[in-house]
Amino acid sequence: MCNPAAILVASVGINAAKAGANYVAAKQQAKATEDHQKRLGESMVDQHSANMSNSLISQAEQDAKAAKDRSNIIRRASSAQSVARTSALESGALGNSFDMLMNDYEATEAELLSASMINQNLLENRFLREREQANLQTKARLLSNYRPINQPSPTAAVLEFAGDSLQAAGNYYAATGGGGGGGGASWSPRGASDFAGPS
């Protein structure tokens, strides 16, 4: 015949081991989740930094190209004006017609330079908007990644152990008729929440 006292002792030991194992497992899971969030967050930040760097490099390249284009416009306009001036001097065609021709060259040069500046400004604004959008997206991803982690509570583990032990004690008392003496008042186990005191 099984000894109820021995069963009680064994049950308490098993409950203690189970509560401890559950707490350790939950603690390890929380730590693993935290480590994963950290690695993923660092990867997001590194990728964002690389994207920002690439965007700035691309913008600098476009700015350099625009400056080169404007330099070429000025050079071609100056060359065309020089040729026209030389031709006019050689032919003796100076006068109102020559002045109008020079004005046309200057107007065309100004229009081309203005168009180049407008195009450069549009590109700069586009790069700026892209970086701002990337900043917002990265912030949102980081907020989603670093969600609160459910940390295991030692108090909850103790209450779990207490509740299971009380159940085992209740079974023991039921098996022994109220504590081994027989005929005693009946006893029913309380839940673990009774140890938390009145709400």
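Rules used in this analysis
Residues numbered from 1 in each chain as written. Predicted model: local features only at pLDDT ≥ 70, side-chain atom pairs only at ≥ 80, totals over all residues. Heavy atoms only, no water. Phe/Tyr/Trp six-rings, centres within 6.5 Å; stacked < 30°, edge-to-face > 60°. Lys NZ or Arg CZ within 6 Å of the ring centre and 35° of its normal. Helix = DSSP H or I, 4+ residues; strand = E, 2+ residues; numbered from the N terminus. Salt bridge = Lys/Arg side-chain N within 4 Å of Asp/Glu carboxyl O. Buried < 20%, exposed > 50% of the residue type's maximum accessible area, 1.4 Å probe, protein only. Contact = heavy atoms within 4.5 Å. Expected span 1.5 Å × (residues − 1). pLDDT = per-residue confidence, 0-100.

## Topic: the packing of aromatic side chains
Here is step 1: Summed over the entire model, instances satisfying the criterion amount to zero aromatic pairs.
Here is step 2: Here the basic side chain of R126 rests over the ring of F127, its NZ or CZ set 4.8 Å away from the ring centre.

## Concerning the environment of A26
Here is step 1: Mapped onto the elements, A26 comes out in helix α1 (residues 4-91).
Here is step 2: The sequence separation of A26 and N150 amounts to 124 residues, and the corresponding C-alpha distance is 8.8 Å.

## As for the pattern of salt bridges
Once their charged atoms are close, side chains differing in charge can pair, the charge on each being opposite to the other.
Here is step 1: Enumeration over the complete set of coordinates arrives at three salt bridges.
Here is step 2: Residues D35 and K31 are paired through a salt bridge, measuring 2.9 Å at the closest nitrogen-oxygen approach. In this pair, D35 and K31 are both assigned in helix α1, four residues apart and thus about one turn of the helix distant.
Here is step 3: When its relative accessible area of 27% is taken as the criterion, D35 is described as partly exposed.

## Concerning the environment of I73
Here is step 1: In this structure, I73 sits in helix α1.
Here is step 2: Considered as a pair, I73 and S116 are 43 residues apart in the sequence and their alpha carbons are 9.5 Å apart.
Here is step 3: I73 has contacts with E109, L112 and L113, leaving out every residue within four places of it along the chain.

## Structural notes on helix α2 (residues 96-145)
Here is step 1: Along its 50 residues, α2 runs 73 Å from first to last C-alpha, staying within 8% of the 74 Å computed at 1.5 Å per residue.
Here is step 2: Taken as a whole, α2 has its buried residues at F98, M102, E109, S116, Q120, L123, F127, R131, A134, T138 and N145.

## A look at the side chain of Q37
Here is step 1: By secondary structure assignment, the location of Q37 is in helix α1.
Here is step 2: For Q37, a relative accessible area of 9% gives the class buried.
Here is step 3: Contacts of Q37, omitting those with residues within four sequence positions, involve N145, Y146, R147 and I149.

## Some remarks on the confidence of the model for the protein
Here is step 1: Here the protein shows a mean pLDDT of 76. Residues at 70 or above account for 65%.
Here is step 2: Within the protein, no element has a lower average pLDDT than helix α3 (residues 154-176), which sits at 57, and none a higher one than α2, at 90.
Here is step 3: In this model residues 179-199 is a low-confidence stretch, pLDDT under 50, and it forms 20 contacts with partners more than four residues away in sequence or in other chains.

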